[in-house]
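Residues per chain are reported as follows:
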Amino acid sequence: MQARWIFPDQLNRTQRWTFRDKEGVHPFVAELLTRRGIEGQASQEEFLSEKPTLTYDPFLLKGMEEGASMLLSAIEAGERICIYGDYDADGICATSLMLQVLGLLGAKTEYYIPSRFAEGYGLNRDAIADIHSRGVGMILTVDCGSVSVEEVEFAKSLGLKMLVTDHHSLGERICDCILINPKQPGCEYPEKELCGCGVAFKLAQALERKSEKLTKKDLNDVLDLVVMATMGDVVPLRGENRTLVKFGMKALNRRKRPGLDLLIRMAGLTPGEIKGDDIAYVIVPHLNAGGRMMTAKTAVDLLMAPDEETASPSVKLLLRNNQERKQAQEEALQKALKVIDGWTDPGKFILVDVPDAHEGIAGIVAGRLKDMYHCPSAVLTLSGEDHLKGSGRSPEGIDLYRLLSAQSHLFSKFGGHAGACGFMLPQENLDTLRTELNQAALTIYEENPELFAPTIFIDGILSSEDISPRLMDDIERMGPFGFKNPEPCFCMPGHCASNLWFMGDQEQHVRFNIGGLNCILFRKAAEYRDLLESGPVDIAGRLRWNRYNGRERMQFVVEDIRRNGDF
C-alpha cells in the first residue's frame, strides 16, 4: 500500500521553502518549531540549548512535602524500606535511582520487582505479605501503585507505611495513602507527562532540599537513569522531559556507571558517544530483555554494580536475554504471519492467536504486525488452561483503547491507552471478540480509509541547494527525537537520481546523488529501481550527518519515492 504524504496546512505544496540567511536559529527550524508550538526566540533558543533551564519546583507536586518528610523520618528511625518497582526500563531505572539516593542517605533498603509472568504489573498481596515478613516498615513504590486500592489497604492493615510514586493515568478509585503523581486530581504540577523515573527524580530533588546528606552532584549522577527511562517509556520529549533528557545524556556519557559502561561496549556502542537512538534502540531493549525473558532483577543488578567485575555476569545474561528475545520475537512473528496469510481484506483488526509464543514479546510482535499491515493488531498467548493473554498496538488515529473497551464484557482483565492495550479473556470468547473487532475496524475504514494507510508527515519542501551545514546542525540540535518531537521529514521534488549504486547481497539498498547531495535508501531498492532510473522523482526522508572515521558529510535518508508531481 502506497504511503500517504501529509503536509502541514500552512505549507504550500507547489513551492519549495526559500530562506534569507540571518543570525540565530535557521529560519526553517524556527518555522518548524513555531508550527510545533514552540514560539518566540527565547523559547526556541531554550529548546535548542545544550543546557536548557526549564524545570519545576518538586514541591509543586501534590503529596511531595508529606512524602519526602515521611521517607526521611523512616530513614532516621532506622526502618527498613522496600522500593517496589516495575519490570520495564522505566521501573528498573526508577528502582535503581531510589536505591542509589536512599543509600546515600544511609537508609536500610531492599527492592522488589514482580514477575511479568507469575504476578503481572503492580502491587499484589502475596508480595506485600512477603515484604512485611522480612521486617520491612515502609514500601515506596516507583512507576506503579496509583490505583492499587485494595493492595494498599492490605499493606496498611499489616502496619506498613505506604508512599506511592507513579505517573500512570488514574481511574475513579485512587489508593488511600500519600501519593505523588502529577496526574492525580488537585495536583498543580505543570509537567504532567513525566515518566515513573522522572517522578522518582523529583522526589530525589525534594530529599536533597530537605537533607544535607545529598548534594546537587548526587542528583546529577542519577540523571543517566532518568534519560534511559524517559526515552524508554515513550513520554513526550518536550518541556521538562527535554531538560532531563539533555542533562541525562551528558551524565550517561560521563561513564560513571560501570555496569552500564560494560553493557554499552559489549553491545557494540562507543562509550562516551551515546546518542538518543543508541538509548532507544540498543540500551533500553537490553534493559527490558531481563523482564521480558526471565527477571528484571538482572538489569537492576547491572545498574547498581560497583565495578565491572561485579556487573559482568548481569551484562552477559542481559545480552543473552536480548538475543533470546529477538529469536522468540522472530519465531512468533513468522507463526503469526502464517496464521494471517490471505487476510487481505481492507479495514481488518488483526487478532492472531499464537498460543505457544513467549508472552514477554507479544506486544513487540503486535507492533510489528501493526507496522506491516497498518491496522490495529493484537497477539494472543496461552495463559493457564482456558485463558488467553493479549497485547495490542494500533496506528495513530485509531483508538485501540476505545475499540477494546467496547468489548470489555468479554475480558477478565483489560487496560491500556489509545496506542497500546493489554487484556486477558476466556478462550471461548475469542471468536466473538474477533468478529466484533473486525466489524468495528471495518466501520472506521469505511469512514476514513486513509487511517489504514502508512503515513509520512512532511515538515517542509526543499531543494538540494537549500541544504547547508547550518541547517543540518540546527536540525541535529532539535534532538533527541521521539514522541511529540519527531525527527523532521522533508520532501525534495523534481530531481533526477544519478550515480546509482545498488548494495547488499540482493541489491536491496541503493545510494545515489541528487544535485550533489548524497542519498541512501534502505531495503526498498528493488521496489523503486524503475522509478529512480526513469526520470524525475519526488523523494521524502530525513537529513542526517553521516560521520565516520572523523569525517562527516551531509546525507539524505530516503523513506519514500514517487513519480514527480504525484504528491
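What counts, and at which threshold
Residues numbered from 1 in each chain as written. Predicted model: local features only at pLDDT ≥ 70, side-chain atom pairs only at ≥ 80, totals over all residues. Heavy atoms only, no water. Helix = DSSP H or I, 4+ residues; strand = E, 2+ residues; numbered from the N terminus. Rg over C-alpha atoms; globule rule 2.2 N^0.38 Å. Buried < 20%, exposed > 50% of the residue type's maximum accessible area, 1.4 Å probe, protein only. Contact = heavy atoms within 4.5 Å. Lys, Arg positive; Asp, Glu negative; His and termini not counted. Charge placed at Lys NZ, Arg CZ, Asp CG, Glu CD. Pairing = 2+ DSSP bridges. Axes fitted to C-alpha atoms, helices over the stretch in contact; angles between N-to-C directions. Parallel < 35°, antiparallel > 145°, perpendicular 65-115°, else oblique. Left-handed = near helix turned anticlockwise from the far one by under 90°. Core = buried A, V, L, I, M, F, W, Y, C linked by side-chain atoms within 4.5 Å. Salt bridge = Lys/Arg side-chain N within 4 Å of Asp/Glu carboxyl O. Polar contact = N/O pair within 3.5 Å; in protein donor to acceptor, adjacent residues only side chain to side chain. Phe/Tyr/Trp six-rings, centres within 6.5 Å; stacked < 30°, edge-to-face > 60°.

Draft legend 1. Here's a closer look at the overall build of the protein. Looking only at helices and strands, one finds 19 helices and 19 strands in the protein. The C-alpha radius of gyration of the protein comes to 25 Å, within 12% of the 24 Å expected for a compact globule of 567 residues. Oriented by its inertia axes, the alpha-carbon framework of the protein measures out at about 75 × 60 × 45 Å. Burial analysis of the protein (567 residues in total) assigns 53% to the buried set. Of all intrachain contacts in the protein linking residues separated by at least 6 positions in sequence, the fraction that spans at least 24 positions is 68%. Of note, the protein has its 65 positive side-chain charges centred 4 Å away from the centre of its 81 negative side-chain charges.

Draft legend 2. Examining the sheet that holds strand β17 (residues 517-521) more closely. Strand order across the open sheet formed by 7 strands is β13-β14-β18-β19-β17-β16-β15, with mixed pairing between neighbours. This sheet does not close on itself; its edge strands, each paired only once, are β13 (460-461) and β15 (498-503). Inspection of the sheet shows β15 paired to strand β16 (residues 509-514) by 4 bridges, in the antiparallel sense. Note on β16: the bridge partner recorded for Ser498 is Asn513.

Draft legend 3. Region of interest: the environment of Leu194. Structurally, the position occupied by Leu194 is in the loop between β6 (178-180) and α7 (196-210). With residues up to four places along the chain from it excluded, the contact list for Leu194 reads His167, Tyr189, Val199, Lys202, Val235, Glu240, Asn241 and Leu244.

Draft legend 4. Quick peek at the environment of Phe201. Here Phe201 is to be found in helix α7. Along the sequence, Phe201 and Thr435 sit 234 residues apart, while their C-alpha atoms lie 45 Å from each other. Residues within four places of Phe201 in sequence aside, it is in contact with Leu97, Leu219, Val222, Leu223, Val226 and Leu244.

Draft legend 5. Expanded view of unusual backbone geometry. Gly479 connects to Pro480 through a cis peptide bond whose omega is 0°. By the secondary structure assignment, Pro480 is in the loop between α18 (469-477) and β14 (490-495). Even without a glycine there, the phi angle at Lys484 is positive, about 70°. Note that Lys484 resides in the loop between α18 and β14. Phi is positive for Glu507, which is not a glycine, with a value near 50°.

Draft legend 6. Structural detail: the packing of helix α9 (residues 223-232) against helix α10 (residues 239-253). At a minimum axis separation of 7 Å, α9 and α10 run at an interaxial angle of 125°. In this view, α9 runs oblique relative to α10, as classed from their interaxial angle. By crossing handedness, the relation of α9 to α10 is classed as left-handed. Each of Leu223, Asp224, Val226, Val227, Met228, Thr230 and Met231 in α9 lies in contact with α10, whose residues at this interface are Asn241, Leu244, Val245, Phe247, Gly248, Met249, Ala251 and Leu252.

Draft legend 7. Up close: the nonpolar core. One finds Leu97, Leu102, Leu207 and Met228 to be the most contacted residues of the largest nonpolar core, which totals 78 residues. Those residues in contact with Leu102 that sit more than four places away from it in its chain are Leu71, Ile75, Ile81, Ile83, Ala107, Thr109, Leu140 and Leu207. Residues Val365, Cys421, Leu430 and Phe452 belong to the second largest nonpolar core, which totals 38 residues.

Draft legend 8. Seen up close, helix α11 (residues 258-266). Along α11, the positions that sit buried rather than exposed are Gly259, Leu260, Asp261, Leu262, Leu263 and Ile264. With its phi angle positive at about 90°, Gly268 sits one or two positions after the end of α11.

Draft legend 9. Representation of the pattern of salt bridges in the model. In this structure the tally under the stated criterion is 36 salt bridges. Residue Arg36 pairs with Asp459 through a salt bridge whose shortest N-O separation is 3.6 Å. Highlighted residues: Arg36 in the loop between α1 (27-35) and α2 (41-48) and Asp459 in the loop between β12 (455-457) and β13, separated in sequence by 423 residues. With respect to burial, Arg36 and Asp459 carry one shared label: buried. Through salt bridges that share partners, Arg80, Glu110, Asp130 and Arg134 make up one connected network.

Draft legend 10. Layout of the side chain of Asn181. Residue placement: Asn181 occurs in the loop between β6 and α7. Here Lys183 takes part through its backbone nitrogen, which lies 2.9 Å from a polar atom of the side chain of Asn181. Not counting residues up to four positions away in its chain, the partners in contact with Asn181 are Ser146, Asp166, His167, His168, Leu170 and Cys187.

Draft legend 11. Examining α9 more closely. Among the 10 residues that make up α9, 9 are buried, leaving the element largely enclosed by the rest of the structure. A positive backbone phi angle near 55° is found at Val234, which sits one or two residues after α9.

Draft legend 12. Structural view of the environment of Phe414. Looking at the secondary structure, you find Phe414 in strand β10 (residues 413-416). When the C-alpha atoms of Phe414 and Ile361 are compared, they prove to be 18 Å apart, with 53 residues separating the residues in sequence. Phe414 has contacts with Tyr401, Leu404, Ser405, Cys421, Gly422 and Phe423, leaving out every residue within four places of it along the chain.

Draft legend 13. Local environment of the packing of aromatic side chains. Enumeration according to the criterion identifies 7 aromatic pairs in this entry. Ring geometry for Tyr84 and Tyr112: centres 5.3 Å apart, planes at 35°, overall tilted. Of this pair, Tyr84 sits in strand β2 (residues 80-84) while Tyr112 sits in strand β3 (residues 108-112), and the two are 28 residues apart along the sequence. Relative to Phe423, the ring of Phe411 lies with its centre 4.9 Å away and its plane at 35°, an arrangement referred to as tilted.

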